[in-house]
Every structure is written in C-alpha cells, then in structure tokens.
Amino acid sequence: MAKRPLESALGSRKEGGEKKHVVIVEPNEEDRNEDEEDRSDDDDSDSDPESASPAHNERPTKKQRKQLSAQEVQIARETAELFKSNIFKLQIDELIKEMKIKDSHIQKIEKVLHRLHHLISQVPASETLSLSQAEQLFNHRKVAIPFPNPKPTKANYTFAYSPPEDVSLVGSFGLKTGISQSHGSSPSIDIALTMPKSLFQPKDFLNYRALYKRAFYLAYLVEHLIPLSKKHHLPIKISYQFLNDDVLCPTLKLESIKTDNEEDLHFINTKFSINILVGFPFGVFDQKKLLPDKNCIRVQRTMEDDGGEGHLPPTPIYNASVLSLTAYDYYLKYLYTTKKSTEEFKHACVLGRLWLQQRGFGSSFTKGGFGHFEFAMLMAALLNGGGLNGNKILLHGFSSYQLFKGTIKYLATIDLSSGYLSFSSLVGESITSKYNPEGFNVPTVFDKNVKLNILWKMTNSSYSLLQSSAIETMELLNDVVRDRFDPILLQKSNVDYLQYDVLMSLTVPDSIYASFSPLEKISFITFENYFKNKLYVVLKNALKDRVTNISIFNERLSNQFPINKLKPLTSSSPQTFKIGLRLNPEEAEKLVTKGPNNEDEKAALKFKAFWGSRASLRRFKDGTIQYCVVWQPKENESIVLSIARYVLDLHIEKEISHNLGHEAASFSSKLPTPLLPATSNQVVTSLVSFNNLKNSFEELQKVISNIPVGIKHLLPASSGLRYTSVLQPVPFATSNPDFWNDLVLQLESSSKWPDEISALENTKTAFLLKISESLNKETAYKAFITKDDSITFNDHICLLNILTPEGYGFRIRALSERDEYLYLRAVANADKQKALAQDIYLQFNRKYLGVVKHTRTITSMAHHFPYYSGTVRLFKRWLDSQLMLTHFPEELLELIAIKPFVDPAPYTTPNSIENGFLQVLNYLSSWNWKENALILDLIRGTPTHLEDDYKVANLSDKLSIQAYRVIELNFTKIRQNDPSAIKTQFFIASKDDPSGILWSNEGNLPIATRLTVLARAAMLLIKEHALSESTIDLIFTPSLNDYDFVIYTKPSNLVVSSGVLPPNSFKNLVGTETSFPEDLTSKYDLNDAFFHHLNAKFGNILIFSTQKFSALASEGSNVICGLFIPVSLAKKKFKVTLGMDIKPLDGSKDEVVVNKSSIFSQISLLGGDLVRTIKEKK
Amino acid sequence: MVSTEIKGFHILPVKFSGSSADHYIFFRKHETREQKNTSRAIFFFNLPICTTGAVVKKYLQQVALGATMELFTASILTECPEDVWLDMTRLTSDLELNGLKDEGGGSKLPRNCGIVTFIDKAAFQLAFTALKALSSLANVTEWPLNDLGSKFFRSCLKKQILDPVELAQTIAQSVVDFDRAEAESIEQLQNQTQLVDEDGFTMVVGTHRKTKAGILGKQKLAASVEVEKAKDKLKKKEKDDFYRFQLRQKKKDEMNDLLMKFRQDQEKVRLMKEKKRFRPY
C-alpha cells in the first residue's frame, strides 16, 4: 500500500505514461509507442492496426536492413542475458501488455476520484462529543459506528471529526502496478484519509482507544457522504469492509450504482470499487511502545491467568494493526521513491503480484498475509541490501525478470522465520537492509523506521507454504531445457484438493469457543486466528517430519457488511476449518513415532505429556531404549490421519475427531483389496504382494539360466512386475486378466539364425520347446506352449507359459538379435505398404524392446515415488470403470500417470494416492494433445538444491536441451502430417522413446477425445460438488447412455479366483486358492474372450468397450458396449471390398447400407448363453 | 420390391435360427482369366461370421443336395485388423518358400469373402442354379450357424495351447524345408561366384550369410561406413579458425543464428498471442 498525494498522482499520470525507458530501442517498438499514445486519447479501441507499422510494409533499403538487424542482434543478445531467454522476455512483455488496465477505465476512474475528493472536502467538521453523544448522533437504523469488539462502554475521552490532514491515492492503483483481474473479483482502488493529529492523545494507542475514535470518524464520514454523493451526482453504494480481514480495521467500500440520470457519474463498467481507508498521522504514537513484544491491551486478570508472573501477554497483531494505520502515506512514498530509482520495479511488481495471485496468496489473513504490498516492500528492501553483511540482493539496473527472480530466490533460500530481515523505510537516506540469522521464529521483515513487522499477518504455516512455492518456482526458473512460463505465471494453482496430499475438514463444536479466553483474545484478536494457531501447533508437534507443510484455513467469511451493522453476519451453522497437509513421502507412513532416549528425563516427560497413554518405552535393534508411539495401520486410513485423530481428541477436545472428515479417503477404497493373508495391516504404499511376485520371477530366472540352451537374459515386461497392475498379484489367481506376466528371453547371438521371419520364429520356438521340456522334467515348474497373435501378419510366434510352484504365471517370448533386423528389412521392402509395415515394426518394438525398457524405468520410478504405484493403479481402475482401459496400452497410461510425479508444476509431487489421482485427472482434463506434446524426464526425483545442482544436472541423465529439441521436432513433424490428430493423438516421449508414438500409435481419435471429456467431467463434478463419497462414486460410474447398444453378459463368479476380496465379506470366511485348476481355461474370463471375438469380427465398423476386470464389475455382471463408427453408417456403393455386413437398399440400384439387425443377431448368436440382454439405444 | 441382383451379383437372403433379421449374401460365378468357361467355383461376399467349410457344406446340403464341394477358400483378412495382407516371408527373404497361408489365394480375397470350388462342372451347375432360384424368388433360407457362446469361446482358448509333440514335428519339418530352400539359394549363389563380370570382378561370398539379400544388405552397410570414416578423417585435418575469413564467417554465423532464433521466438510468441495464451485467468 504505497501512497502519493491524490492530486499529484492524478496530475502526473500522463508524463509518467509517456516516459519510455527502453535501453535498446527497436524501430518498430517506437512506432508502437506512438500508437499507444494516440490510443490513450480515444476510448477502448483495441483493434488498432498497430502491427501495420511502416517497417513491416516497405522493404527497407540495404543500409536500413543492416542497421535493423544489428539492433535486433543487440536485443537478442541482451534479452538472453538479462532475461532467461528471448522467449521468456517476449512472453513477459506480452503478459504485461495483457494485464494492463484499460486506458478508458483509468480515465473514468480518475474523473470519479476527482469528484470523490471534492465530496470529502465538503464534509463538515463535528463538535467534540462524548461517547453517548457520539452514539446518539446517528440514526441506528441507518448508520452504526463500527467499533471493534469489545465495544467501548465508558470513555473518558472524546470523539470528533475534522477534515483529514491529507487525502491520498494509495495502493497499486497509485503506484500504477495494478493489473486487470479475473472475472468475478473486482479490483479495488485505495484512498487513504489521514485523521488530523489534533484528534489524538499520546496514550490513545492503548486499549483500542485510537480505533474507537477512528470508527466514529468512519461513521461520521459515511453519514455525510451519502447525501453529498446524491447531490453531486456520484451514485454509490457504501458498505463497511474489513481491510485484509482485519477486524480491527473497518474501511468504507464504495461501489457504483447504475442509474438512468445522464448527469450521474457511474463507473460500474470498469468493475472497480473504491476503498476509503482512514489512517492515523505518521508518528502520532510512540512506536517503541507498539513493538511486537509489547502489550497494548490491558485486561483484568483473574488469579488463574496470572500464573505467578505479572506480565500480560504481548499483543502483536493489535500493535501491528495500529502501526500500519499510521503508515499508509509513508509506505507509498517509500515505494514511489523506489519505483523512481528502479526502472523495472513496476513491472516486477506486476509479475510478483500475478505470481502470488495464481498461488492464492494475498495480503489478508485468510490468504496468508503475503500479497503484492508485502512483495513490493520486500523487493524494495532487497534493493538496499538484504544479505548477511548487508550486501545487495537486487540492483537498480536489473530487468523486471531479474528483480522477480531475485526476490523469489530470496524467499526460497533465506529463512525469514528462523532469522529476519531488517530494513529502513526512511526515504532519502540509504540505510542498508540486513539479514539477521537469529530471529523470533515468526516470519519477520522488520522496518526499523516504523517499527513494524511487514509480515505481521503471516503465520508460520503460511510462511512455509510461501517458501515452498518459491522453491518450486525457483526450480522452474532454473530449468534451462524447457519453457516454464506457463506454470510460473499463467496457471492457477490454488485449488486445495490438488495442492495438498491430504485434505481434511474439521467442524467445530460450540463448546470450543469457551476455550477462547480474554487473554487469548488480546493476543490473537479473533477466534479463527487463535484456533488455527492451536491446531497448527498440535498437529505440527504430532506429525513433525511426516509433513512438510500444514495449512489451516477457514471457509471464507464475508468481510463486507452494511453500514448499519457492527460486523458481518455470522452464519448459524458451526464453523468449518480445512486442514491441508503436504506429506514427506519417506516419513509419512512410518509405523513408529520415535521420541527421546530413556535417559533424557526432561524430554521424556514432555513426550509423555504430549502423547498421553500411547507413549511407551521400546528397545530397538541397535540397543537404544527410546520413548515412542506405535501406530496400527487401518484399512483405507493413512497413518497420518490416525495420528491427527488421536491428537485432536487428546489436545483439542474429546471426540472432536468425529467431526474430522476426510472424504478423499474413499478414493483408496476404490482399489480392490487383495485376497491375501495379512493385508489389513498393510500401509497404503506397501508393495509386499508385488515383491512376492518379483521373488518368484527371480527364482525362475535362476532356474532357466541353468538350462544349457544359450540364454543371454530373461527380462521382466509385465505390469505386475513393475508395480502397476490394477489387481495385486495373488498366488493361484488364474482369473486375473493380468495373471500371466510377460517376460522377454534374449537368446545368445549367433550367425546361424535363419534369415527369414517364419523360420526364425520356428527356430525360437524350438528353443522354447527345449526349455519347456526340461522344466517339466526336472523341476516343479509346469510349462506349456501357446500360440500368440499379438503381432499382425506374423502368425508363427509361440510363447512359453510357466506356472510356478509359488502360484504365479509367467509367459516368455523369445527374442534373437535378428528379429529387429528382419522387421526393418520388411519395412524397407514394403514399397506401397510401408506405413503398414512400419506399424508392424512398432508392434514388435513394443512387445519385445520397448516394454523391457519401460518396465525397467517404471520399476525404478515406483521405488522412488512411493505413491506412484497406488496412483497409477487407481487411475487404471477408474478407466476400467469407465470401460476405457482396454482401449489403451497400459504402458501409455503409466506414462500419463507419471506426469505429475516427475513434472508436477504448478503443483507439487503428489504424496498420496488421492492427490496423485486428482492431479492426473487434472492434467488430462487440460491437456490439449493436438497442440502439446507430453515430454517426460524420467529421472529419479527433481533436483532439491538450487543452482549448485546445475553441474550435477549436466552429469546426470536428465534430458539435455538437444534431446529435448529433437523430441519437439519429432512432434512438429507428426503434427504437420496429421494436424487434426487422426492417426496420432497422444504424443508422449521420454528418453526411452524419443519418437513419442511407440505406445500411442494405434490410438483412435474418438477414444482419445472421450478420455479428455471424462476427465473434464470428473474435475467439473469435484469443483461443483466438492469431494464427497457420492461424488467419488459418481466418478467411478460409467455412463452407458452414450453407446449405440449395450450387451449385458452373464455374471461370472470370478471374484475369488481373481484374488480379490469380495465386497462386504470377511477374509477368513472366503478362503483363498491354493492350487492351480486342472484346466486353466475353465477359470478364464469368457466375457473377455467374447469381447475379443467381437473385435475381430466387427471391429472395423464398431468400437467395443468393456470392463477388463469382470470381477470388479458391479455385482459381477459385465457389459460390452458398442458404438458404430459414423463412417460405417452412411450409404455406400456396392463393392466387394466394403468388408462389412450390408443389405441392399430398396429402390436403389447399387447402393447398400449397413445391416444392423443382422449384426445384432450374429452378435447374440456369437455370445450364445453368455448374453443376458442386448439393449439398443432408441 | 427388394432387388435380387446388384452389379452382377445375385442376392441370397438368409436368416439365422432364432432370429427374424435377414442377412444378405452376394454371390456370382467365379471366373479367372485362364479358366473362363471351365470354372466350377462360386464367389461369395458378405458371408456371416464363423463361416467355415463345414458350415458351407451343411448349407449346400440343405439347398442343393448333391452339389459336392471340393474346397472352400475363405479370406484370411476376415478377422484381421488390417485391410490388406502383408506377407512377411516375402518381405524378409527372397527364398522360395511356400507361404503356408496362401493356398488358394485366401490372402487376396477381401474381408468376408469366400470361394467355393465344386468337385465337377455338374455339381457347380446344380448348386449355382439352386442358389439363383432362391435368390430370384427372394426365398429366405436358414443359414446353419450354430449357437456359439461359452462352449465355443472355451474351445478357442483351449486351441491356443499347443500340443508339444505335434508342434515339435511341424517345427522340425519347417526347419528342413527352410534348410533345403537355403541350400538351393546357396548353390545359385555359388554359381555366381564363378561368373566373371565385364570389369573382371567376381562376387565374393563369405561363410556366414547364406542368401543374396543378406549379402547385399551387408555390402550397402559396409559402403556407407567407409564413406563416413573417410569424411571424419578429412574433418579432423581441417582447421576452422586459421584464416581471418573463417573467423569472420564463424562470427557471422553465430550472429545469424542468434537472430534467427530471436525471430523464431518472436514468431512463436505471436502465435501464442493469437491463441490468447496470455490470459492468466
């Protein structure tokens, strides 16, 4: 909130606007400036042909051209140095242009401000009044005096109004750093009136006295402004508003009213509202007495409160509120001077403001207490120093980007809570700002001159959120490989369910309010501040390292209220607080909370006092005896949540945990529970069942490598072996569609491999036969050979199926060094069918090469991100419930699901399944795959240190700029040939697959579109109806109405044999499978077979969709839905190559049309006893 | 009035048991250039699903008793996801191997088509007349497609499991076939080594690769590797910062590069602006 005298601010606007301070002037830039000046006179004609500057139209002479390019070279050079890159600077320029407030609006507002200034000067002075006189002055129905709570009862001082010492335009409008706002929120203009000094006594800062006087002043002003505004044709609606949600600081909010009278001046079109702030004169109170550690509200103390000491607690919020009221005028001058001395300050402010806004930060208490004013003040302070020795962090000559980045870096790297920054706002003398590492454990930027902590509205919780936002942004700013402009400035990231890993809501029972004692009131002022702090302290102490951030916010109360009320209406329903947690993935799910050693008695006492009866002594493996608390994992409840419930009950109020809601928990209940012993005491991130499978695989690997047939490697290639299968691997669960785990067997190289594809396949089969024989003879493994048709046109492929004694199934495909060579030769020889042959090569690559690499990468990612496995499984489960899973290769989905883990910007890496899932959906709902490629950098983790990491990054296997460019070029090429994405929809590239189409080559457009639509619908549902059990159920319910027909198939009883615990049943009653059936095919899902036959027979004219996991379908009854491809429905000329079931058209010579009824009867014949009913869409 | 003929094809309406919907099969005499008048085959289009020799036989017994069928050739594309057939053997080798699939030209037939060849001209005539009669009267007959359902699916699943003994035999046979074909090819190749061409060169055949395609492929590769090597060598010798013109050129290139990039960026941002990207809300 900076300020400048209103009149001069208005008067000097023009010259300020014209001053041009570009160091390097580009010729057409100048032209544009002239354009702009012209334009500022006429209204809002945005369509000025500004680009049609002469430089573009006429061909410059040779000399001119040379000059021009020399200048351009200079710009190109400088921007690369002063800004991150050219493109970044150009984008910033565009953005700032876009954010500019319309000139026509500014002019309108200026008129309004002039008139308002005139109105204010017309308000007459009042007499000196006593409290009762003051109260009687107003008609209570019309105007109330907005006294802060508690209201004054008797006052031995007087109230009065006399014209303000000073009226100034303050805030961003005055500084010209205002930006246009999003729809719905109205930007406001702040005007500060300074009360005359004569109204105060030196002791008025005590016990709300100055605030009472100010409240009267406000009410008196309103009383007179109403008639005056009518008289002077400025139709306005006036209401009270708490500035920044500070209940000590009511202000007037003026909104325009639309009238028909032509003389009236209304500004409703500008959407601006005007705030009238009333401040105290600078230095009217002794600032030392208002330091944060002083008490300025004296209350009666009871004996209990006393506690032996004679001091009242400090009142930091009150003190800061009073002090900042004296400094409106002062800080405007300070910021204005800074702006004058630093050319790009203004633009950096705009960037900072936008950055904060996108992340939901603002100056008010509810928004974290760090808004654009605080940002600007911090930046100004850093221009005068800020380092440990007072060294300058920012320089006056910096570009807007450098100023912005420097401030973000400061926020990211310097801890303003454990230490603090002190600066002086004294204009004219350069006093260096200095960072002191010893602080007060509250976020502090201290102004030595005003004795005010600029960050007084911040809490430790909001500070840590700000700090982590700054760290994330810093990483993005340091990214040299890709353009990160979007997540830094353009994307909004304040959606709570995407921002936090765990989001809980706590409804407060009435009894809690009793704990809000008068002493608490003077230090915290409001119940919300008090309760949030209390929750924070308790949770922080309980969760310690398990969380990286705890944010507590209350549902926004209105801070605006009519002028005949004392405060906003409070709703009758109990208040709800939301608690957002960001977890530390390494600690969050640990079962033991460790405390102090046995010997440390003092700490032990403290520990026991905090944890109550659950604290116990334990002896650990290394011999230490420590206090600790042990937690029992519960199904569908994370450890963190269990802890939160326990400590809230213990320290806030008994049984308050019943009011603690965590709806997103029902997400994890969507994941099927495996039918395994001891799964109920498994934490959500447990990979035990997967590791059992892995062990079985490693055992097999050993056995097979001992068979002397020339084997190089046996490599895993299945979703179960990379922790991503929907159902957890359960022994003997032969009905699980993922029961068979693919493996790739690399055979040793030899020159004897046949030089022809079918002979090669036969030779490989001979190897498999040999292995099968020796496994069957010499081991407990059972092996048999099956045919494989996964690669079109190559029907000689055989697979070796192996059942292990542990109860798992593996399926081996053999690979020789010659295969790839032959497929590529086929491509080279294919002539006209080249594209087709290429597709075949890709099929081969996927099944034999790509999947091996993919499995390796995903396995290491799943180890590194503990919540990835759960997230991707839930994501697949969701797709399956929407009948979409069978349409995509699982590898493709795994790559999409990993996006928020390796590249979460503008959010953070998800550390819970629900957060991961929502971030995946959020990404899918906004991914415009026609225009953007998904390029993944699949390395373990993101760099945690900032610039020092640059060198390490060079050495690591991160994607290099070159690799990134190549991928981008690939994408451009593909889109050039296929601009409407008919052949390739999703382009997903990584180091494993720079081509970007390996997994998405066989997609189809309607299915890809449907995926986006479904994700959008889900996100919209959550946005409108919040996360609740019913919303989540709805997200997992398919909409069958969208299909042309639905085949309901016979329910299959495959739940147990798929290794899934049937819903509403008990494990001990169900019994698990312990052996393989005689005939494996008897346990296969016939719905799946039906689905495959349908696709083979009618796949060219119909898109079929089904649920892959019949066992998870509701009541075990699956459906297969069909949708006619629109092209196939049109009338056609008869041809024998039509390839679809047709019937002749009556009365037409050679036209035919698809024969739907015959298709339906063939489908029902094919399905036979499997079909219950077929429902056609009417 | 339902037409009975379309573009020279007769239309044969059939229905399936338990269903009222009509299905239409289109047929005509199958003639190839060589056997214009001696043909004894009928070409069918739009055959119902799961049409096998047995099904066709059963149907013919029903409508044209005595027309003995010799062979039923179905299109192998019918259950193929693509519309054309790629012969991978042809594409990967020039050996004279019999494509097992392609007996009777099944790969050239479009989807849902089939050819029925009769044992003799008389049988053909019998069947063709009977079918034509049914067609012109628009007489709906029943197509003997049995209930398939779960039994069928299960048997398909079982069929995927191969008998190891049988498999071993087929594989052994195919290996023998392949070896023979290869031996022939090698012999041919050896003959070529005897030939001296115009320039006085002979072809050299190594011991490893046994087919012509293999050798030629290798030669191509070898040639390009040599060229690359030579280029690399040349490059190593050159100094690119010796003459002043080289330095100047380098600077100029750098500048141009920078400028080009700058312009590209400008263009990119212009495009973004057009797409209204700079609206943060």
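Here's a quick rundown of the structure. Here the structure is a predicted model, which means the values were calculated and not measured.

**What about the sheet that holds strand E32 (residues 1171-1176) of chain A?**
Residues and elements named next belong to chain A. Spatially, E27-E28-E26-E32 is the arrangement adopted by the four strands of the open sheet, whose pairing is antiparallel. On the outer flanks of this sheet lie strand E27 (1102-1106) and E32, each paired with one strand and no other. Direction aside, the axes of adjacent strands within the sheet are offset by 20° on average. Bridging between E27 and strand E28 (residues 1119-1124) involves five bridges; their strand directions are antiparallel. In the strand pairing of E28, Leu1102 is matched with Phe1124. Strands strand E26 (1045-1049), E27, E28 and E32 of the sheet are contacted by helix H39 (residues 1156-1167), whose axis makes an angle of about 160° with E32.

**Considering the interface of chain A and chain B**
When the parts of a complex come together, some accessible area is lost, and that lost area is often taken as the interface size. The interface of chain A with chain B comprises 104 residues on the first partner and 85 residues on the second. At the boundary of chain A with chain B, total buried surface from both sides reaches about 8200 Å², with 66% on carbon and sulfur atoms. When residues of chain A are sorted by the area they lose upon contact with chain B, Phe793, Phe1134 and Leu1165 of chain A head the list and together hold 10% of the total. Viewed at the interface, chain B and chain A are joined by one salt bridge. When the shortest N-O distance is used, the salt bridge between Asp1079 of chain A and Lys158 of chain B registers 3.4 Å. The tally of links from chain A across to chain B stands at 19 residue pairs in polar contact (both at pLDDT 80 or more). With eight residues, the single largest contributor to the side of chain A that touches chain B is helix H6 (residues 86-99) of chain A. Relative to strand E8 (residues 161-162) of chain B, strand E21 (residues 782-787) of chain A runs antiparallel, the two sharing two bridges.

**Observations regarding the pairing of E26 of chain A**
Residues in a regular strand project their side chains so that they alternate between the two faces of the sheet. Residues and elements named next belong to chain A. The element E26 is extensively covered by neighbouring structure, given that five of its five residues are classed as buried. Sheet analysis places E26 next to E28, joined by four bridges and oriented antiparallel. Of the residues in E28, the one forming a bridge with Phe1045 is Gly1122. Across five bridges, the pairing between E26 and E32 is antiparallel. Pairing of Phe1045 across the sheet is with Glu1176, part of E32.

**A few points about a nonpolar patch on the surface**
Nonpolar side chains collect at one region of the surface, where Phe242, Tyr243 and Phe245 of chain B lie side by side and expose about 400 Å² of accessible area between them. Looking at where Phe242 of chain B falls in the secondary structure, it is placed in the loop between helix H6 (212-237) and helix H7 (244-274).

**A short note on helix H15 (residues 372-382) of chain A**
All names here are of chain A. Taking burial as the measure, the 11 residues of H15 include 10 buried ones, the bulk of the element. Every buried residue belonging to H15 is among Phe373, Glu374, Phe375, Ala376, Met377, Leu378, Met379, Ala380, Ala381 and Leu382, and all of these are buried. In this structure, the buried residues of H15 make contact with helix H13 (328-341), helix H14 (345-358), helix H16 (400-413), strand E7 (420-423) and strand E9 (445-447).

**Looking at the nonpolar core**
Grouped together as the largest cluster of nonpolar side chains are 331 residues, with contacts concentrated most on Trp611 and Trp878 of chain A. Per element, the largest residue contribution to this core is 13 residues, and it comes from helix H10 (residues 209-231) of chain A. Once residues within four sequence positions are removed from consideration, Trp878 of chain A is found in contact with Phe917, Leu921, Leu1011, Leu1014, Ala1015, Ile1035 and Phe1036 of chain A. Listed in part, the 70 residues of the second largest apolar core include Phe16, Ala64, Phe128 and Leu134 of chain B.

**Details of the packing of aromatic side chains**
Residue and element names in this part refer to chain A. Applying the stated rule across the entire model yields 75 aromatic pairs over all chains. Judged by centre distance (5.9 Å) and plane angle (55°), the rings of Phe159 and Phe216 are tilted. Separated by 57 residues along the polypeptide, Phe159 in the loop between helix H8 (131-137) and strand E2 (166-170) and Phe216 in helix H10 bring together distant segments of the chain. For the pair formed by Phe159 and Phe216, the shared burial category is buried. Here the aromatic cluster, defined as three or more aromatic residues joined through ring pairs, consists of Phe147, Tyr157, Phe159, Tyr161, Tyr208, Tyr212, Phe216, Tyr217, Tyr220 and Tyr318.

**Notes on the sheet that holds strand E23 (residues 809-815) of chain A**
Consider a sheet: its strands pair through backbone hydrogen bonds, and that pairing is either parallel or antiparallel. Overall, mixed pairing links the six strands, which are arranged E19(A)-E20(A)-E23(A)-E22(A)-E21(A)-E8(B) in an open sheet. Each having just a single partner strand, strand E19 (711-716) of chain A together with E8 of chain B make up the two edges of the open sheet. As defined by bridge partners, E21 of chain A adjoins strand E22 (residues 798-803) of chain A across six bridges and the pair is classed as antiparallel. Residue pairing in the sheet places Phe784 of chain A in a bridge with Asn801 of chain A of E22 of chain A.

Basis of the calculations
- Residues numbered from 1 in each chain as written.
- Chains lettered and ligands numbered in written order.
- Predicted model: local features only at pLDDT ≥ 70, side-chain atom pairs only at ≥ 80, totals over all residues.
- Heavy atoms only, no water.
- Pairing = 2+ DSSP bridges.
- Helix = DSSP H or I, 4+ residues; strand = E, 2+ residues; numbered from the N terminus.
- Axes fitted to C-alpha atoms, helices over the stretch in contact; angles between N-to-C directions.
- Contact = heavy atoms within 4.5 Å.
- Buried area = accessible area lost by both parts, 1.4 Å probe.
- Salt bridge = Lys/Arg side-chain N within 4 Å of Asp/Glu carboxyl O.
- Polar contact = N/O pair within 3.5 Å; in protein donor to acceptor, adjacent residues only side chain to side chain.
- Buried < 20%, exposed > 50% of the residue type's maximum accessible area, 1.4 Å probe, protein only.
- Patch = residues over 30% accessible without salt bridge, like charges linked within 9 Å, V, L, I, M, F, W, Y side chains within 5 Å.
- Areas by Shrake-Rupley, 256 points an atom, 1.4 Å probe, with all protein chains shown as cover.
- Core = buried A, V, L, I, M, F, W, Y, C linked by side-chain atoms within 4.5 Å.
- Phe/Tyr/Trp six-rings, centres within 6.5 Å; stacked < 30°, edge-to-face > 60°.

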